[in-house]
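Structure at a glance
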Amino acid sequence: MGAMSVATQSSEEPAEAVHRAGFACFVGRPNAGKSTLTNALVGQKVAITSNRPQTTRHTVRGIVHRPEAQLILVDTPGLHKPRTLLGERLNDVVRATWAEVDVIGFCLPADQKLGPGDRFIAKELAGIKRTPKVAIVTKTDLVDSKALAEQLIAIDQLGRELGITWAEIVPVSATAGQQVDLLADLLIPLLPEGPALYPEGDLTDEPEQVMVAELIREAALEGVRDELPHSIAVVVEEMLPREDRPADKPLLDIHANVFIERPSQKGIIIGPKGKRLKDVGIKSRKQIEALLGTPVFLDLHVKVAKDWQRDPKQLRRLGF
Ligand SMILES: Nc1nc2c(ncn2[C@@H]2O[C@H](COP(=O)(O)OP(=O)(O)OP(=O)(O)O)[C@@H](O)[C@H]2O)c(=O)[nH]1
Ligand SMILES: [Mg+2]
């Protein structure tokens, strides 16, 4: 690998053997389907997803390998009207990301009319002149062809109104696997020429400890409502192979803290007789074992980090 053979070309064939590599970010409102789409393109879960808004809290890179290109996707938190310091920080992350990528993929769900939240993002994108923008209509499996056509027209009009020239407008369904490969085909020509930036086979550069914490948070998000999803943060304190285990029976001890914001939330997370927390542990442990390829003993503790979403010191401690 690496060394490129010089192809003998007949005169009528164009010399198109360039390799491209670069970054495309996905931006959009919370819940637009950015992380699900990232995972579908990568072919493996690199970012957690949920039906609660503001699931993603940091940029997650997912890498798509092709013989002719390396497409690095940067999944971002949903851009929203911030109500907390955390919200402000997340929006800052999004803006810093779209300023430095090669292509911006603006995700708009097919099943919801364009709203003020989408317009707000589009207006900001209009100010970034030099980066190509691709409008991605997500969740097309949820609508019929008429509704989809209307959405495509609305997005085209939004672009005209704000002076954005969409490089492409692409409808996709990440869950039904519709047009996902096509999206990659359309993003790749918008990347600069260059060699691969990540080793072959790498699907993400997320540290294991972070992925483990995210899998626990994903399990904890399931079935909680209202403000609680926003209040949950997970930190893996320690991951250590259990000592004095036979070589063929390893066990990885993982100690993690599940933080909430108020003592009153503790009961909900733990559940009656600890059942909820236990379920969260079982569910996430299976995924962690699959990710790391080793049996795991998962030790979860619920702790209160008072009003952490608004407290700069707590935010720092939780990695924001
Ligand atoms: N039917 C359908 N549902 C989808 C599709 N893509 C995502 N979803 C669902 O939409 C919800 C939100 O998906 P996410 O990928 O977490 O959305 P997100 O844009 O990353 O959200 P934030 O991280 O909060 O900004 C989840 O319940 C997904 O299962 C799709 O193609 N079809
Ligand atoms: Mg997300």
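Residues numbered from 1 in each chain as written. Chains lettered and ligands numbered in written order. Predicted model: local features only at pLDDT ≥ 70, side-chain atom pairs only at ≥ 80, totals over all residues. Heavy atoms only, no water.

Where an unreviewed UniProt entry is consulted, the protein appears under the name GTPase Era, with the organism given as Streptomyces griseoaurantiacus. What UniProt states about the protein under its Function (unreviewed entry) heading is, verbatim, "An essential GTPase that binds both GDP and GTP, with rapid nucleotide exchange. Plays a role in 16S rRNA processing and 30S ribosomal subunit biogenesis and possibly also in cell cycle regulation and energy metabolism." Reading the Sequence similarities (unreviewed entry) entry of the UniProt record for the protein gives the comment "Belongs to the TRAFAC class TrmE-Era-EngA-EngB-Septin-like GTPase superfamily. Era GTPase family." (UniProt positions renumbered as here; feature names shortened; annotations may be inferred.)

1. Re the environment of Val224
Tracing the backbone shows Val224 in the loop between helix 6 (208–221) and helix 7 (228–231). For the pair Val224 and Arg52, spaced 172 residues apart in sequence, the C-alpha to C-alpha distance is 8.9 Å. Contacts of Val224, omitting those with residues within four sequence positions, involve Arg52, Pro229, Ile232 and Arg276. (Helix = DSSP H or I, 4+ residues; strand = E, 2+ residues; numbered from the N terminus. Contact = heavy atoms within 4.5 Å.)

2. Description of the pattern of salt bridges
Per the stated rule, a full pass over the model turns up 16 salt bridges. Glu218 serves as the salt-bridge partner of Lys45, at 2.4 Å between the closest nitrogen and oxygen. Remark: Glu218 occurs in helix 6 and Lys45 occurs in the loop between helix 1 (34–42) and strand 2 (60–66); sequence separation between them is 173 residues. Look at Lys45 and you get partly exposed, because its relative accessible area is 28%. (Salt bridge = Lys/Arg side-chain N within 4 Å of Asp/Glu carboxyl O. Buried < 20%, exposed > 50% of the residue type's maximum accessible area, 1.4 Å probe, protein only.)

3. Comments concerning the coordination of the magnesium ion (ligand 2)
In this structure, Ser35 (OG) and Thr56 (OG1) serve as the protein donors to the magnesium ion (ligand 2), at separations of 2.0 to 2.1 Å. With Ser35 in helix 1 and Thr56 in the loop between helix 1 and strand 2, the pair connects residues that are 21 residues apart, well separated along the chain. In this structure Thr56 comes out as buried when scored by relative accessible area, which is 7%. (Donors = N, O, S within 2.8 Å, 3.2 Å for Na, K, Ca; no water.)

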